[in-house]
Amino acid sequence: MNEVILSIAVCSLILYQIVSCDDVVNGMVLIIPQHKLVLGRTKENFDSKKDWKKLDVKPFLISETPITNTQFSKFVSKQKFKTEAEVFKWSFVFEKFVSDDIKEEISNSVKGAEWWLPVEGAYWKHPSGPGSSAGRKPDHPAVHISFNDAVEYCQAQGARLPSEPEWEFAARGGMRDQQYPWGNGYEKNRMNIWQGKFPKENKGKDGYIGVAPVKAFKPQNPFGIYDMIGNTWEWTSTVFGVDSQTRMPQYTLRGGSYVDSVDGKFNHRADVTTRMGNTADAGSDNIGFRCARDATRKDMDDRKTGKQEL
């Protein structure tokens, strides 16, 4: 095992450190909370009548980026794994990225969200359906990933999905009550969201029309974490509720995606409080994930010495 000396940084009230650089599970940031989390609170809604609940978050590690196509491909090859979208033989793709030939074969869509088309043959390896290839986008987040798929991947790496409080603590970057990972004001070219008249026109002022590479923008917060807000929704392990039609449990997704907006005038408002729920088998071309795990005593000791074996 080669020993690598890693830097330790102090930021806000949190100590953090990249403690793994493995090219399969991705780099993971060690977060040691020094204050409680008030889930969902920002300066904008600080004075609301909501009974805010302060939560303790124990030390944990979280992927510095969403899991990429390259990483997911290695997992699939090693485990001979099939995602649920592959088993179902279809998944949802945003209409803009579906070829005209494929559109002609589709006779139904989501009521009230007709821009989401059920495309046969769409899954992580072919994100826009037949003819598209994740191989041409190795540094993009793996998409069409269900909750169940994400759990399998993380477990295979000796990890798990982050809880919703862990995810939000990581997104906030050690700051309290801010709206974005970098602070309270919206900043251009910090996240991949929809810019234009939805759903027909995305001006792409941030440089991207659809899903972007995980490091398309600089880290979104002082922890050095990328892509928490915008680009793709991310699964957490926290139960959101129950689906009103199927009565199946829903799990919480955080962060918003490339179809969301800065002000919430359409779809979701992309900020650190953005959340929604979906069933464990759901997937689309704007749903991905990252992994987390509990911090061990060794992680804590390595932080003190600045050493980590890889």
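Only a predicted model underlies this, so the values are computations on that prediction, with no experimental measurement involved.

### What to know about unusual backbone geometry
Phase 1 of the analysis: Note that the residue after Phe198, namely Pro199, is joined by a cis bond; omega there is 5 degrees.
Phase 2 of the analysis: By the element assignment, Pro199 lies in the loop between helix 5 (164-172) and strand 10 (233-242).
Phase 3 of the analysis: The backbone of Asn231 shows a phi angle near 70 degrees, a positive value even though the residue is not glycine.
Phase 4 of the analysis: Assignment of secondary structure puts Asn231 in the loop between helix 5 and strand 10.

### Focus on the confidence of the model for the chain
Phase 1 of the analysis: Averaged over all residues, the pLDDT of the chain equals 88, while 89% of them reach at least 70.
Phase 2 of the analysis: The low-confidence segment residues 1-26 (pLDDT under 50) makes 90 contacts with residues lying over four places distant or belonging to another chain.
Phase 3 of the analysis: In the model, residues 305-310 has pLDDT below 50 throughout and makes 23 contacts with residues more than four positions away in sequence or in other chains.

### Digging into the pattern of salt bridges
Phase 1 of the analysis: Taken as a whole and assessed by the stated rule, the structure comprises 16 salt bridges.
Phase 2 of the analysis: For Lys215, the salt bridge identified is with Glu64, shortest N-O distance 3.8 Å. Of the two residues, Lys215 sits in the loop between helix 5 and strand 10 while Glu64 sits in the loop between strand 7 (60-63) and helix 1 (69-79), which places them 151 residues apart along the sequence.
Phase 3 of the analysis: The salt bridge partner of Arg290 is Glu234, with a shortest N-O separation of 2.7 Å. With a gap of 56 residues between them, Arg290 in the loop between strand 13 (287-288) and strand 14 (292-294) and Glu234 in strand 10 connect regions that are remote in the sequence. Of the two residues, Arg290 and Glu234, neither departs from the other in class, the shared state being buried.
Phase 4 of the analysis: When salt bridges that share partners are traced, they join Glu164, Glu168, Arg172, Arg254 and Arg275 into one network.

### Concerning helix 1
Phase 1 of the analysis: Within helix 1, burial applies to Asn69, Gln71, Phe72, Phe75 and Val76. Buried residues of helix 1, viewed axially, fall in a sector of 160 degrees; they line one side.
Phase 2 of the analysis: Among the structural elements, helix 4 (147-156) are those in contact with the buried residues of helix 1.
Phase 3 of the analysis: In the segment just after helix 1, Lys80 is the residue with positive phi, at about 55 degrees.

### Considerations on the packing of aromatic side chains
Phase 1 of the analysis: Applying the stated criterion across every chain, the model contains 22 aromatic pairs.
Phase 2 of the analysis: Relative to Tyr153, the ring of Phe75 has its centre 5.1 Å away and its plane inclined at 70 degrees; by these criteria the two rings are edge-to-face. One end of the pair, Phe75, is in helix 1; the other, Tyr153, is in helix 4, and 78 residues separate them in sequence. Each member of the pair Phe75 and Tyr153 is classed as buried.
Phase 3 of the analysis: Seen from their ring centres, Trp194 and Phe198 are 5.0 Å apart, and the 75 degrees between their planes marks the pair as edge-to-face. A single burial state applies to Trp194 and to Phe198, both of which are buried.
Phase 4 of the analysis: An aromatic cluster of at least three residues, connected via ring pairs, comprises Phe94, Phe97, Trp115, Trp116, Trp194, Phe198, Tyr258 and Phe266.

Conventions and cut-offs
Residues numbered from 1 in each chain as written. Predicted model: local features only at pLDDT ≥ 70, side-chain atom pairs only at ≥ 80, totals over all residues. Heavy atoms only, no water. Helix = DSSP H or I, 4+ residues; strand = E, 2+ residues; numbered from the N terminus. pLDDT = per-residue confidence, 0-100. Contact = heavy atoms within 4.5 Å. Salt bridge = Lys/Arg side-chain N within 4 Å of Asp/Glu carboxyl O. Buried < 20%, exposed > 50% of the residue type's maximum accessible area, 1.4 Å probe, protein only. Arc of directions from axis to C-beta. Phe/Tyr/Trp six-rings, centres within 6.5 Å; stacked < 30°, edge-to-face > 60°.

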